[in-house]
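Observations on the three-dimensional arrangement
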Amino acid sequence: MGEDPIYSPFFGVMGATSAMVFSAMGAAYGTAKSGTGIAAMAVMRPEAIMKSMLPVIMAGIIAIYGVVVAVLIAGELTATGYTLFKGFVHLGAGLSVGLSGLAAGYAVGAVGDAGVRGTAQQPRLFVGMVLILIFAEVLGLYGLIVAIYLYAKK
Amino acid sequence: MLSTTTYAMNNSPSYGKYYYGGLYSLLSFILTVIVLYYVLTGRGERIDIGWFLSETSPYMWASLGVGIAVSLSVVGAALGIYTTGTSIIGGGVKAPRIKTKNLISVIFCEAVAIYGLIIAIVLSGNIESYTQSLVDTDDVIKARNWYAGYCMFGAGVTTGVVNLVCGICVGQVGSGAALSDAADPTLFVRILIVEIFGSAIGLFGLIISVLLTSKAKMGDKN
């Protein structure tokens, strides 16, 4: 479907790149922000460190969303026979998972930082932190869903 | 007269905070004027992204990819080392025992720069020359070379920017680890786990770059 100009793989490659780059930005922010919170509260309550690893793991999962979509897009790239339709669809898929991953990682970082610091002082807050983190993580999942739906278009 | 001059010198407002906003506004104004000039004088179709992508040489894309891969990775590693290094030195004033163990954080940041170096070397090994006459006649070889150029650019940008953010992240966490280590020596190893998660992000970027590079093949062969 559609024509096959020589520059259409550029958009596909940019889709794979943006999927990985933006979700990595979100994951890095989430890891750094919650990691700083963990380091700060560890001095007061070292026994709570392993429980507080949860925001860091969830930030890593956001990076994995980006990796999955980037691998899927890169697997479909070809030199010839790659239509402009495919190129733009892959660009859309990459941008959707990447930018939602960026936002989700930002949210996970901020909530994780506040959550681990609060849990150190009041252990009953842990369940609340988990619930809020799940809602933040699911934002990245929405991006992944749209990316997969776009990617599967013929 | 002198008193007003000294008053102005001591209390003059600083306009430096408008630097980035001013630069961004100037650039977007120039871009808007250029685009409007083309559009309003009936030459709108000359703004052609497709023409730009197909007329630029794949050597440009590939070389930009190589340059961006190593340079942005090194910037990320440098920012990380800057953050974690200052914290190690600062914390080490009261607790000098932390200085040797916390070099691990610095090494994690350095590893980010090495990832970028590896990808840049692999990418630059992929750059090969093609004969122009063959490219002008054979569409398949032209498509293959142009595709290789785009892939290498994408691989380079992926590695560069992902390592940039990974280096900043590892530096931040390393800084926290150094200060926690200064307070309580048993904490360092557990906070190192967070640094490992941060390092994994750089590895993801490396995987995607290698995947993109493996598809790129420049040269004369079909």
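Above this text is the structure in question.
The structure contained in this document is the topic of the report that follows.

1. Remarks on the overall build of chain A
Scanning chain A from terminus to terminus reveals four helices and zero strands. For chain A, the α and β elements follow one another from N to C terminus as α-α-α-α. For chain A, the spread of C-alpha atoms along the principal axes amounts to about 60 × 20 × 15 Å. In chain A, which comprises 154 residues, the proportion classed as buried is 54%. Here chain A displays about 6,200 Å² of accessible surface, and carbon together with sulfur accounts for 74% of that area. Computing the positive centroid from 8 side-chain charges and the negative centroid from 6, chain A places the two 13 Å apart.

2. So, the nonpolar core
Ranked by size, the top nonpolar core spans 60 residues in total, and within it F10(A), M20(A), V69(A), L77(A), V97(A) and M152(B) carry the most contacts. Within the residue set of this core, elements represented by two or more residues are helix 1 (8-42), helix 2 (54-75), helix 3 (84-121) and helix 4 (126-151) of chain A together with helix 4 (58-92), helix 6 (103-126), helix 8 (139-183) and helix 9 (188-214) of chain B. Among the elements that line this core, the one with the most residues is helix 8 of chain B, at 14 residues. With sequence-adjacent residues up to four places away left out, L77(A) is seen in contact with P9(A), G12(A), V13(A), Y82(A), Y147(B), C151(B), L212(B) and K215(B). Among the nonpolar cores identified, the runner-up in size contains 30 residues, and I38(A), V56(A), F188(B) and V194(B) belong to it.

3. Considerations on the side chain of N145(B)
All names here are of chain B. Position of N145 among the secondary structure elements: in helix 8. The exposure class of N145 is buried, given its relative accessible area of 0%. In this view, N145 contacts P58, Y130, V135, K217, M218 and G219; residues no more than four positions away in its chain are not counted.

4. Quick word on the state of the cysteines
Residue and element names in this part refer to chain B. Enumeration according to the criterion identifies zero disulfides over all chains in this entry. No disulfide involves C109; its nearest neighbouring cysteine sulfur is the one of C166, lying 8.1 Å away. Free cysteine C166: the closest other cysteine sulfur is in C169, separated by 6.4 Å.

5. Observations concerning the interface of chain B and chain A
Facing 41 residues of chain B, the contacting portion of chain A comprises 39 residues. Taken together, both faces of the contact between chain B and chain A bury some 3,400 Å²; the carbon and sulfur share is 87%. At the junction of chain B and chain A, the tally comes to zero salt bridges. Counting the contacts that link chain B with chain A gives seven residue pairs in polar contact (both at pLDDT 80 or more). Those elements that provide at least two residues to the side of chain B that touches chain A are helix 3 (49-55), helix 8 and helix 9 of chain B. Top element by residues in the side of chain B that touches chain A is helix 8 of chain B. It accounts for 22 residues. Considered class by class, the residues forming the side of chain B that touches chain A number 27 nonpolar, nine polar and five charged.

Rules used throughout
Residues numbered from 1 in each chain as written. Chains lettered and ligands numbered in written order. Predicted model: local features only at pLDDT ≥ 70, side-chain atom pairs only at ≥ 80, totals over all residues. Heavy atoms only, no water. Helix = DSSP H or I, 4+ residues; strand = E, 2+ residues; numbered from the N terminus. Buried < 20%, exposed > 50% of the residue type's maximum accessible area, 1.4 Å probe, protein only. Areas by Shrake-Rupley, 256 points an atom, 1.4 Å probe, with all protein chains shown as cover. Lys, Arg positive; Asp, Glu negative; His and termini not counted. Charge placed at Lys NZ, Arg CZ, Asp CG, Glu CD. Core = buried A, V, L, I, M, F, W, Y, C linked by side-chain atoms within 4.5 Å. Contact = heavy atoms within 4.5 Å. Disulfide = S-S within 2.5 Å. Buried area = accessible area lost by both parts, 1.4 Å probe. Salt bridge = Lys/Arg side-chain N within 4 Å of Asp/Glu carboxyl O. Polar contact = N/O pair within 3.5 Å; in protein donor to acceptor, adjacent residues only side chain to side chain. Nonpolar A, V, L, I, M, F, W, Y, C, P; charged D, E, K, R; others polar.

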